[in-house]
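Descriptive structure summary
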Amino acid sequence: MSKVVNYSMANRGAIVRFVPALDLSADESRRLDNMRVRAKARQDSLDHQGVDWGLSVPDALEQLVSGRADSSADYAGCAYYAALQIIIDHNASDSSTLASYRSPVTYFSALDDALSSAGVPADLLPYQYVFSGPPSEIGFHIPHPLEGSPEIGCWPLAKAGPAVEAYRAVLDRVDADLRYDLGELIEALDGWASEWNKGEGAWWWAEDGSIFFSITG
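Residues numbered from 1 in each chain as written. Predicted model: local features only at pLDDT ≥ 70, side-chain atom pairs only at ≥ 80, totals over all residues. Heavy atoms only, no water.

1. Let's talk about the pattern of salt bridges
Short version of the rule: Put simply, a salt bridge is a Lys or Arg side-chain nitrogen that is within 4 Å of an Asp or Glu carboxyl oxygen. What counts as a helix is a DSSP run of H or I of at least four residues, what counts as a strand is a run of E of at least two, and both are numbered from the N terminus. Classification of residues uses two cut-offs on accessible area relative to the type maximum, computed with a 1.4 Å probe and protein chains only: under 20% is buried, over 50% is exposed, and between them is partly exposed.
Within the structure shown, the criterion is met by twelve salt bridges. One salt bridge in this structure joins Glu 137 and Arg 12, with 2.7 Å as the shortest N-O distance. With a gap of 125 residues between them, Glu 137 in the loop between α6 (127-130) and β3 (151-156) and Arg 12 in helix α1 (residues 12-16) connect regions that are remote in the sequence. With relative accessibility at 37%, the residue Glu 137 sits in the partly exposed group. Note on Arg 12: relative accessible area 15%, which makes it buried. Between Arg 38 and Asp 89 there is a salt bridge, with its nearest N and O atoms 3.3 Å apart. Here Arg 38 is found in helix α2 (residues 26-49), whereas its partner Asp 89 is found in helix α4 (residues 76-89), with 51 residues between them in sequence.

In structure tokens form, the structure reads like this:
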């Protein structure tokens, strides 16, 4: 079964405002109400599929917004990541699809090797940000899904620009089997990085603007 990698842009601080959710504005409170509706719909879909994570997505959301993630259920990480993705989605741009992979771990590991061999610095290699997990600003540990799905990653837009330049410089030296999807990654990063770089001073601009990755399937 393939896994789909999606991406969107959000400010990390806007997401962390809900983890935990304290002193919310009226707009943020309405957004949280919408998250709860979305969490229930996600759980209804899981129930229909016969999927039991030992923790419901609505309960996982309530724990996150109260500042904890302490369920002992084996698959609680799946529920927490699903709930966190809902929080991200309600604070981010519309999501776009990067690609579908049989094994994203295998692809991005191979891409790291190829880019590193071509001279791309270690701090710009993609595996680390596609699979980085929740934003580091969240002040408590969120268990990782046992089987790595769903997955979350984020990459500061301040670093995305240098990554795009480094990838483009070596694109023609990367193995042909990796080149097309690397081109798609370059375009995804460059689209948001360019807009962020040009947008400083605009009402929507924030220093902590980031590309968020979501892997499901």
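2. Focus on the environment of Ser 210
Spelled out, the test is: Here a residue-residue contact requires only that any non-hydrogen atoms of the pair lie within 4.5 Å.
Topologically, Ser 210 is positioned in strand β4 (residues 209-216). A relative accessible area of 0% places Ser 210 in the buried class. As for Ser 210 and Glu 147, which are separated by 63 residues in sequence, their C-alpha atoms are 25 Å apart. Ser 210 has contacts with Ser 8, Met 9, Ala 10, Arg 12, Trp 155, Pro 156 and Leu 157, leaving out every residue within four places of it along the chain.

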